[in-house]
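Chain and residue survey
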Amino acid sequence: MILKSKLTEKLREAMAAVLPIVILVLILSFTVAPIPSGVLLSYLLGAAMLIVGMMLFSVGAEAAMEPMGELVGSRITKTKNLPLILGLGFLMGVMITVSEPDLQVLARQVQAIPNLTLIIAVAVGVGGFLVLALVRIFYKIPLRLLLFSFYALILGLTFLAPESFRSVAYDSGGVTTGPMTVPFIMTFGLGIAAIRSDSSAKEDSFGLVALCSIGPILAVLILSMIFRGDGADYTPLAITNVADSIELRALFGGGLPEYMREMLISILPITVFFCLFNFFLLKLSASHLSRIGVGLLYTYIGLTVFMTGANYGFMPAGAYLGQMLGETHYRWIIVPVGMLIGYLVVKAEPAVYVLMRQVEDLTDGAITGKSLQLSMCLGVGLSVGLSMLRVMLGLNVLWIIVPGYVLALGMSFLCPKLFTAIAFDSGGVASGPMTAAFLLPMTMGFCTAMGGNLATDAFGVVALVAMTPLITIQGLGLVYRFKSRHPRQSTLLRDPFAELPNDAVIEL
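Keep in mind that what you see is a predicted model, and the values were worked out from it rather than measured.

1. Regarding the packing of aromatic side chains
Using the criterion set out here, one finds 14 aromatic pairs in the structure. Ring centres of F148 and F413 lie 6.2 Å apart, and the angle between their planes is 75°; on these two criteria the pair is classed as edge-to-face. Taken together, the residues span a long stretch of sequence, with F148 in helix α6 (residues 143-158) and F413 in the loop between α17 (398-411) and α18 (417-430) at a distance of 265 residues.

Structure (structure tokens):
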């Protein structure tokens, strides 16, 4: 009965997240951007699979991925063996990153660097920065100090890297923190921080995703200066227009085993690691293990269905929509349309709900998930609008990235520290599989219609999606700081985990 109730709740959430963008694309397809019936049929089937996949993934993440991360984090901290803690942290960072399916896509894009070399470098980068994040928690190193130092290094290396690598380098920071990485790493940090008894422990549990997103950017920038070359050999997405329901079944039926295999490869390493960890240290009861096992099964099925629907349904529709809007006489319409699509797409990112839930739980609802989601939606909408404008005008991505990060880092000195940690975590969370499967193809389709350079003009949309929430969520932090009316709410801004009366919950 409890499981049925949970599935019903997550089904409602998934439908509320996916249906608005489905309706918007249908309106566009019947007005300014006609889409072939076969592509539209694939899109509708993909949307149904997204809803089912999100529902199952959300249930599985709550039942398995999040408890696993927190159990591992809290248990290894209790050993008080720092080399063991850091060694296991590095191993998990590498293992989870190699398991991310989006990393394989990134490796295929960068033709100048051997796939295995790029995958290992990015995975080591994530593992190394996860170790740094753990050291920060143990020694209470200010997050903004690390962010300022490493983003200054990134911006410096950017000007030394070949232009064709810059966009994909920043994109890599978003795609490698996907639905497998985010739930485990975020709750792993929570488990590590829980061992501390000071008032800032919960606050320091945020920031792991933020630091782990830096590793891939640095790895690609450094490799680009070693291998040089032309960066990437990008080709437009091949759009399959099915003629009938039999071809539709063959298209999705042929893609489903591929993603069943990919998701199995993704989830197997962390499952094996947890089983070994439980055997030697945790020793959980059989009933507890069975609940986690069922949760892992839900996660696996949910991700498989979600990725199949996104890549075989949403990706072709996004590419065709961008191409059609680029061929109209009023191309400028893609800027407001892109902003609206970006606003809606972030609601369909599975990892966004993990972040919302964790923020609400740790602040006892003082920071509401809805206000956090609204800030992310506004940020992603802005980023997609900027991406379309950049393609139209042929702007260099650095003209937006550099001022954006300078502004975000500057805001970190003004808003509450908790919001800075959440904001920089949200960048990696927002740029998930929906961004790669819909927004990037749409930008590529528009760029192709405009006759632009895919390597320098289209790529970079993931980077902007990962950047703008840093600004909007820290803006939310400033609102919390300067617009609070209740005297006890001022205490929250100094100590976000202070005990509040029931009527002191702040919402926008």
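The discussion continues.
2. Some remarks on the nonpolar core
Membership of the largest hydrophobic core comes to 164 residues, with the highest contact counts inside it found for I21, F314, I341 and F438. Here this core takes 14 residues from helix α2 (residues 37-78), the largest share from any one element. Once residues lying within four places of it in the same chain are set aside, the contact partners of F314 are V18, I21, V22, Y43, G46, A47, L50, G309, M434, A437 and F438. In terms of nonpolar packing, the next biggest core, distinct from the first, is built from 6 residues, M49, L248, L251 and F252 among them.

3. Remarks on the pattern of salt bridges
Under the counting rule described, the total for this entry stands at 6 salt bridges. Across the pair K6 and E62 runs a salt bridge, and its minimum N-O distance is 3.3 Å. Taken together, the residues span a long stretch of sequence, with K6 in helix α1 (residues 2-29) and E62 in helix α2 at a distance of 56 residues. In this structure K6 comes out as partly exposed when scored by relative accessible area, which is 27%. One salt bridge in this structure joins E62 and K10, with 2.7 Å as the shortest N-O distance. Of this pair, E62 sits in helix α2 while K10 sits in helix α1, and the two are 52 residues apart along the sequence. Taken together, the salt bridges that share partners define one network made up of K6, E9, K10, E13, E62, E66 and R357.

4. Details of the side chain of N278
The residue N278 is located in helix α12 (residues 245-282) in this model. On the accessibility criterion, N278 (9% relative accessible area) is buried. Among the polar contacts listed, one links the side chain of N278 to the backbone nitrogen of L284, at a separation of 2.7 Å. The contacts of N278, once residues within four sequence positions are left out, are K283, L284 and L289.

5. Details of a nonpolar patch on the surface
On the surface, L264, L268, V272, L276, F279 and F280 cluster together into a nonpolar patch covering about 620 Å² of accessible area. If you trace the backbone, F279 turns up in helix α12. The class for F279 is exposed, based on a relative accessible area of 57%.

6. Some thoughts on helix α16 (residues 369-393)
Helix length check: α16, at 25 residues, gives a terminal C-alpha distance of 36 Å against a target of 36 Å (1.5 Å per residue), a fit within 8%. Following α16 by one or two positions, G394 adopts a phi angle in the positive range, close to 70°.

7. Some remarks on α2
The terminal C-alpha atoms of α2 lie 58 Å apart, and with 42 residues this matches the ideal 62 Å at 1.5 Å per residue to within 8%. Of all the bends in α2, the greatest measures close to 50° and is centred on A61. Of the residues one or two after α2, K80 is the one with positive phi, at around 55°.

8. Points about the environment of L395
Looking at where L395 falls in the secondary structure, it is placed in the loop between α16 and α17. It is 9.2 Å that separates the C-alpha atoms of L395 and T456, two residues lying 61 residues apart in sequence.

9. Some thoughts on the packing of α2 against helix α8 (residues 181-193)
Taken N-terminus to C-terminus, the directions of α2 and α8 make an angle of 35°; their axes are 7 Å apart at the nearest point. Taken as a pair, α2 and α8 cross one another with a handedness that is right-handed. Of the residues in α8, those touching α2 at F57, M65, E66, M68, G69, E70, V72, G73, S74, I76 and T77 are P183, F184, T187, F188, L190, G191 and I192. Split into classes, the residues belonging to the contact of α2 with α8 amount to 10 nonpolar, 6 polar and 2 charged.

10. Notes on the side chain of R390
Its location among the elements puts R390 in helix α16. Residue contacts for R390: discarding those within four places in its chain leaves S167, L395, N396, V397, I400, T456, D457, A458, F459 and G460.

11. Let's talk about unusual backbone geometry
Located in the positive-phi region is K80, a residue other than glycine, with phi close to 55°. The phi dihedral of K283 is positive, around 55°, even though this residue is not glycine. If you trace the backbone, K283 turns up in the loop between α12 and α13 (286-326).

12. A short note on the environment of E327
Counting through the fold element by element, E327 comes out in the loop between α13 and α14 (334-345). With relative accessibility at 47%, the residue E327 sits in the partly exposed group. Residues E327 and A449, spaced 122 residues apart in sequence, show a C-alpha to C-alpha distance of 6.0 Å.

13. Brief notes about the packing of helix α7 (residues 163-175) against helix α21 (residues 461-482)
α21 packs onto α7 with a crossing angle of 60° between their chain directions and a minimal axis gap of 7 Å. Relative to α21, α7 is oriented oblique. In this structure, the crossing between α7 and α21 has a hand that is left-handed. In this structure, α7 contributes Y170, D171, G174 and V175 to the contact, and α21 contributes V461, V462 and A463. Looking at the contact of α7 with α21 residue by residue, the classes come out as 5 nonpolar, 1 polar and 1 charged.

What counts and what doesn't
- Residues numbered from 1 in each chain as written.
- Predicted model: local features only at pLDDT ≥ 70, side-chain atom pairs only at ≥ 80, totals over all residues.
- Heavy atoms only, no water.
- Phe/Tyr/Trp six-rings, centres within 6.5 Å; stacked < 30°, edge-to-face > 60°.
- Helix = DSSP H or I, 4+ residues; strand = E, 2+ residues; numbered from the N terminus.
- Core = buried A, V, L, I, M, F, W, Y, C linked by side-chain atoms within 4.5 Å.
- Buried < 20%, exposed > 50% of the residue type's maximum accessible area, 1.4 Å probe, protein only.
- Contact = heavy atoms within 4.5 Å.
- Salt bridge = Lys/Arg side-chain N within 4 Å of Asp/Glu carboxyl O.
- Polar contact = N/O pair within 3.5 Å; in protein donor to acceptor, adjacent residues only side chain to side chain.
- Patch = residues over 30% accessible without salt bridge, like charges linked within 9 Å, V, L, I, M, F, W, Y side chains within 5 Å.
- Areas by Shrake-Rupley, 256 points an atom, 1.4 Å probe, with all protein chains shown as cover.
- Expected span 1.5 Å × (residues − 1).
- Bend = angle between axes of the 7 residues up to and from the residue.
- Axes fitted to C-alpha atoms, helices over the stretch in contact; angles between N-to-C directions.
- Left-handed = near helix turned anticlockwise from the far one by under 90°.
- Nonpolar A, V, L, I, M, F, W, Y, C, P; charged D, E, K, R; others polar.
- Parallel < 35°, antiparallel > 145°, perpendicular 65-115°, else oblique.

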